[in-house]
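Spelled out, the chains give:
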Amino acid sequence: SIKNRYINQAEVYNEEQRQIILQEQMIMDEIQTAILQEDILIYVQPKYDIENNMIIGGEALVRWLHPKHGLISPSVFIPVLEKNGLITQLDDFVWEKTCQLLRELKNMHCLLPISINISRLNFYRNHLPLLLLDLVHKYELQPQDLHLEITESVYSKDTEVIYSVIEELQQLGFVILMDDFGSGYSSLSMLKDAPVDIIKLDMGFLSLKDDMKRSYAIIEAIVDLSYTLDLSLIVEGVETKEQVAFLQKIHAQYAQGYYFSKPVPVKDYINLCLENH
Ligand code: C2E
Ligand code: MG
Ligand code: MG
Ligand code: MG
């Protein structure tokens, strides 16, 4: 009957909700222990200069290897930690690990910058710029060794606070990347005055499902614009040979994506850097 069907659907819905709530609870309960036990680690995805065929650096991406639940994606646990204000503990850990790796690379004379992803909450922390400056100095690194990725949506809300912190970071020498550029609604107008050094073009533009002709025309226009505005541009999410050929044709210089390399464990990344020169 209609009534039974309704009840069954409600049960399914409740069960899904219940699983989500349980998972959120698990994440909040276990994150601290996971950090201490080093079940949390960083992988690094290299970035490439596709004109000169070289690695230009990498991006640190956090991984949670849960002893019981296996690999948990950051897309699952980062939003939960952001919602509950626990993200800064994770970030501190990721930043520390990234600087340790940079130090190791420097010792091996193959230092290239690595970027970290900075969540919105960090901009409301006291002295974020000084905190990061102390961190790089602790490892005898320069601010320009640690690139900072800030996702486009962070730029679009509470602009006054966000911009002033970013500008302070730039003055100290940190390099700022706008992540996921083009995923929001007001991307182009934002470029008018947003503090940014490098644009990362959202992988949505390369989607193979969409009308390729249109997507490719938009990519080409943005690449041209980046040259006009004197901003570097990295195209994210490059997966195929055809995409690389297109990017080379329109003189896009930098790219990142599975075609070149997935995010890899730290020791594999070190080997890639050693081979690079
Ligand atoms: P993001 O910063 O935009 O990172 C890119 C994501 O796309 C990564 O997923 C990466 O593995 C994936 N990716 C890279 N190349 C390709 C490709 O060619 N094809 C496809 N389909 N995917 C590709 P990941 O590692 O799961 O991270 C997801 C998001 O989680 C990141 O998006 C970032 O917003 C966030 N995140 C990851 N690590 C951290 C962290 O340490 N701190 C903070 N605050 N956020 C993080
Ligand atoms: Mg990123
Ligand atoms: Mg991105
Ligand atoms: Mg993204």
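Residues numbered from 1 in each chain as written. Chains lettered and ligands numbered in written order. Predicted model: local features only at pLDDT ≥ 70, side-chain atom pairs only at ≥ 80, totals over all residues. Heavy atoms only, no water.

Participant: Now, about the site of ligand 1: what can you tell me, with residues and values included?
Facilitator: The immediate surroundings of ligand 1 are formed by 22 residues, with Arg63, Ser119, Asp179, Glu239 and Tyr258 found nearest. A distance of 3.1 Å separates a nitrogen atom of ligand 1 from a polar side-chain atom of glutamine 45. Arginine 63 is positioned with one of its side-chain polar atoms (N or O) 2.9 Å from an oxygen atom of ligand 1. In isolation ligand 1 offers 810 Å² of accessible surface; the protein chains occlude 82% of this area. (Near = heavy atom within 4 Å. Polar contact = N/O pair within 3.5 Å; in protein donor to acceptor, adjacent residues only side chain to side chain. Areas by Shrake-Rupley, 256 points an atom, 1.4 Å probe, with all protein chains shown as cover.)

Participant: I'd like to hear about unusual backbone geometry, residue by residue, with values.
Facilitator: Most peptide bonds take the trans form, and the phi angle of most residues other than glycine is negative. Of note in this structure, glutamate 38 is not a glycine but carries a positive phi near 60°. The topology assignment puts glutamate 38 in the loop between helix 1 (2-36) and strand 1 (40-49). The exposure class assigned to glutamate 38 is partly exposed, which follows from its relative accessible area of 43%. Look at histidine 251: it is not a glycine, yet its phi comes out positive at around 65°. By the secondary structure assignment, histidine 251 is in the loop between helix 9 (241-249) and strand 9 (254-255). (Helix = DSSP H or I, 4+ residues; strand = E, 2+ residues; numbered from the N terminus. Buried < 20%, exposed > 50% of the residue type's maximum accessible area, 1.4 Å probe, protein only.)

Participant: Could you give an account of the coordination of the magnesium ion (ligand 3), with specific residues and numbers?
Facilitator: Within the first shell, the magnesium ion (ligand 3) binds the protein through Asp179 (OD), Glu236 (OE) and Glu236 (OE), at distances of 1.9 to 2.8 Å. The buried category is assigned to aspartate 179, whose relative accessible area is 6%. Judged by relative accessible area, glutamate 236 falls into the buried class, the value being 8%. (Donors = N, O, S within 2.8 Å, 3.2 Å for Na, K, Ca; no water.)

Participant: Any chance you could break down the nonpolar core for me, citing the residues and the numbers?
Facilitator: Leu90, Leu132, Tyr155, Ile219 and Leu247 are the most contacted members of the largest nonpolar core, which totals 80 residues. Ranked by the residues each element gives to this core, the list is headed by helix 3 (residues 87-107), at nine residues. With residues up to four places along the chain from it excluded, the contact list for tyrosine 155 reads Ile150, Tyr163, Ile166, Ile176, Met178, Met190, Ala194, Pro195 and Val196. Grouped together as the second largest cluster of nonpolar side chains are five residues, Val175, Leu177, Ile234 and Tyr254 included. (Core = buried A, V, L, I, M, F, W, Y, C linked by side-chain atoms within 4.5 Å. Contact = heavy atoms within 4.5 Å.)

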